[in-house]
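Analysis of the macromolecular model
Each chain, letter by letter, is given below.
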Amino acid sequence: PSAEAAPFVSLGYREAMADYQFVRAMLYLATDQPTAPAVRRQVEAIAGLDPHFEEPMSWGSLAMQSLTMRLTQEDYLAVARVLEEAMLRFPKNYRMPLRAGEIYALRLKSDDPAQMRAWKQRGEELFARAVRLPDAPAHLGSFVAHLRSELGQRDQAISDLRELILYTHDPDARQRLVKKLAALSSDNADAIAYELDVETQRFETAWKRDRPE
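We now turn to the structure provided with this report. As the structure is a computational prediction, the values presented were derived from the model and not from experiment. (Residues numbered from 1 in each chain as written. Predicted model: local features only at pLDDT ≥ 70, side-chain atom pairs only at ≥ 80, totals over all residues. Heavy atoms only, no water.)

1. Looking at the environment of A183
On the secondary structure map, A183 appears in helix α10 (residues 171-185). On the accessibility criterion, A183 (64% relative accessible area) is exposed. Along the chain, A183 and A47 lie 136 residues apart, while their C-alpha atoms are 32 Å from each other. (Helix = DSSP H or I, 4+ residues; strand = E, 2+ residues; numbered from the N terminus. Buried < 20%, exposed > 50% of the residue type's maximum accessible area, 1.4 Å probe, protein only.)

Set out below in structure tokens:
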């Protein structure tokens, strides 16, 4: 359902339907030919159902513009609008301005120099905002520096897929994403899965140790 229709379709069970829609969106992204508009519509529907459900927007900030899909300029502009709205609801989430900044600074193209300058400036503003937000990882500053030098699309796609895999808990969907990452990076799928499992376990161990509540 559309973002406007979703609350009515839920028959009052808005949060439950938002959970269901989030799982459905993750499974859809792991299919062979996901499209950016379809992923975006699912993220928008989740936001319409439960505007305070933050995790799907963190996930969506990557998934909506995954470079494994072919996005048009209109797609990028639509994703940027979704992220701009999400920044208002989740002003302390660094992922929203980071991903929106990537779009403005690196993805949008125009023959109009003034338009390009405006987009680049907006991207720089969003990068600067992202690195100053709570929980932004220490390496984000250097990551932004790479983006500012127009990091290659293949490297960006590999980085995005790795993060999406860490978000995905459904075994089948996770395995399909691992295979996509292996094909893109020319690495062994089993080795990638093992490495990511170790990384996940390290994170969860530290989380439970430092934040048991």
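2. Some thoughts on the layout of surface pockets
Empty pockets left among the atoms are what a rolling probe the size of a water molecule brings to light. Approximately 1600 Å³ is the volume attributed to the largest pocket. Lining the largest pocket are 31 residues, with Y94, R95, E163, Y167 and F203 positioned closest to its centre. Contributing elements (two or more residues each) for the lining of the largest pocket: α4 (55-63), α6 (95-107), α8 (140-148), α9 (153-167) and α11 (189-210). Sort the elements by how many residues they give to the lining of the largest pocket and α11 lands first, with seven residues. (1 Å grid on protein atoms, 1.4 Å probe; cavity = no way out; pocket = protein on both sides within 12 Å on 5 of 7 lines; lining within 4 Å. Points joined across faces, edges and corners; volume = space filled by probe spheres on them.)

3. Section: the side chain of Q21
By the secondary structure assignment, Q21 is in helix α2 (residues 14-29). In this structure Q21 touches P1, Q42 and I46, once residues within four positions along its chain are discounted. (Contact = heavy atoms within 4.5 Å.)

4. Some thoughts on unusual backbone geometry
Positive phi, normally seen in glycine, also occurs at L11, with a value near 55°. By the secondary structure assignment, L11 is in the loop between α1 (6-9) and α2. Residue L11 is classed as exposed on the basis of its relative accessible area, which comes to 72%. Non-glycine residue D135 carries a positive phi angle of around 70°.

5. A few points about α6
Its 13 residues place the ends of α6 17 Å apart at the C-alpha level, agreeing with the 18 Å of an ideal helix rising 1.5 Å per residue. Of all 13 residues in α6, 12 are buried, a share of seventy percent or more. Those residues of α6 lying buried are M96, P97, L98, R99, A100, G101, E102, I103, Y104, A105, L106 and R107. (Expected span 1.5 Å × (residues − 1).)

6. Some remarks on the pattern of salt bridges
Tallying each qualifying case throughout the model produces nine salt bridges. In this structure, the salt-bridge partner of E102 is R99, at a minimum N-O distance of 2.7 Å. In this pair, E102 and R99 both sit in helix α6, three residues apart, roughly one turn of the helix. Classification of E102 by relative accessible area gives buried; the value is 1%. Two residues, R162 and E199, come together in a salt bridge whose shortest N-O distance is 3.3 Å. A residue pair is termed long-range when its members are at least 10 positions apart, and R162 in helix α9 and E199 in helix α11 qualify at 37 residues. A residue is classified by how much of its surface remains accessible, and R162, at 23% relative accessible area, is partly exposed. Bridged by salt links that share partners, the residues R40, E44 and D75 form one connected network. (Salt bridge = Lys/Arg side-chain N within 4 Å of Asp/Glu carboxyl O.)

7. Notes on the packing of helix α5 (residues 73-89) against helix α7 (residues 113-131)
Taken N-terminus to C-terminus, the directions of α5 and α7 make an angle of 35°; their axes are 14 Å apart at the nearest point. Once α5 is placed against α7, the crossing between them reads as left-handed. Counted together, L77, E84 and M87 of α5 and W119, R122, L126 and R129 of α7 form the full contact between these two elements. For the contact of α5 with α7, the per-class residue count stands at four nonpolar, no polar and three charged. (Axes fitted to C-alpha atoms, helices over the stretch in contact; angles between N-to-C directions. Left-handed = near helix turned anticlockwise from the far one by under 90°. Nonpolar A, V, L, I, M, F, W, Y, C, P; charged D, E, K, R; others polar.)

8. What to know about the nonpolar core
Ranked by size, the top nonpolar core spans 40 residues in total, and within it V39, M57 and W59 carry the most contacts. Those elements that provide at least two residues to this core are α2, α3 (36-49), α4, α5, α6, α7 and α9. Leaving out residues up to four positions away in the same chain, V39 has contacts with Y28, L29, W59, A63, M64 and M69. I165, A173, I192 and L196 belong to the second-largest nonpolar core, a separate cluster that totals 12 residues. (Core = buried A, V, L, I, M, F, W, Y, C linked by side-chain atoms within 4.5 Å.)

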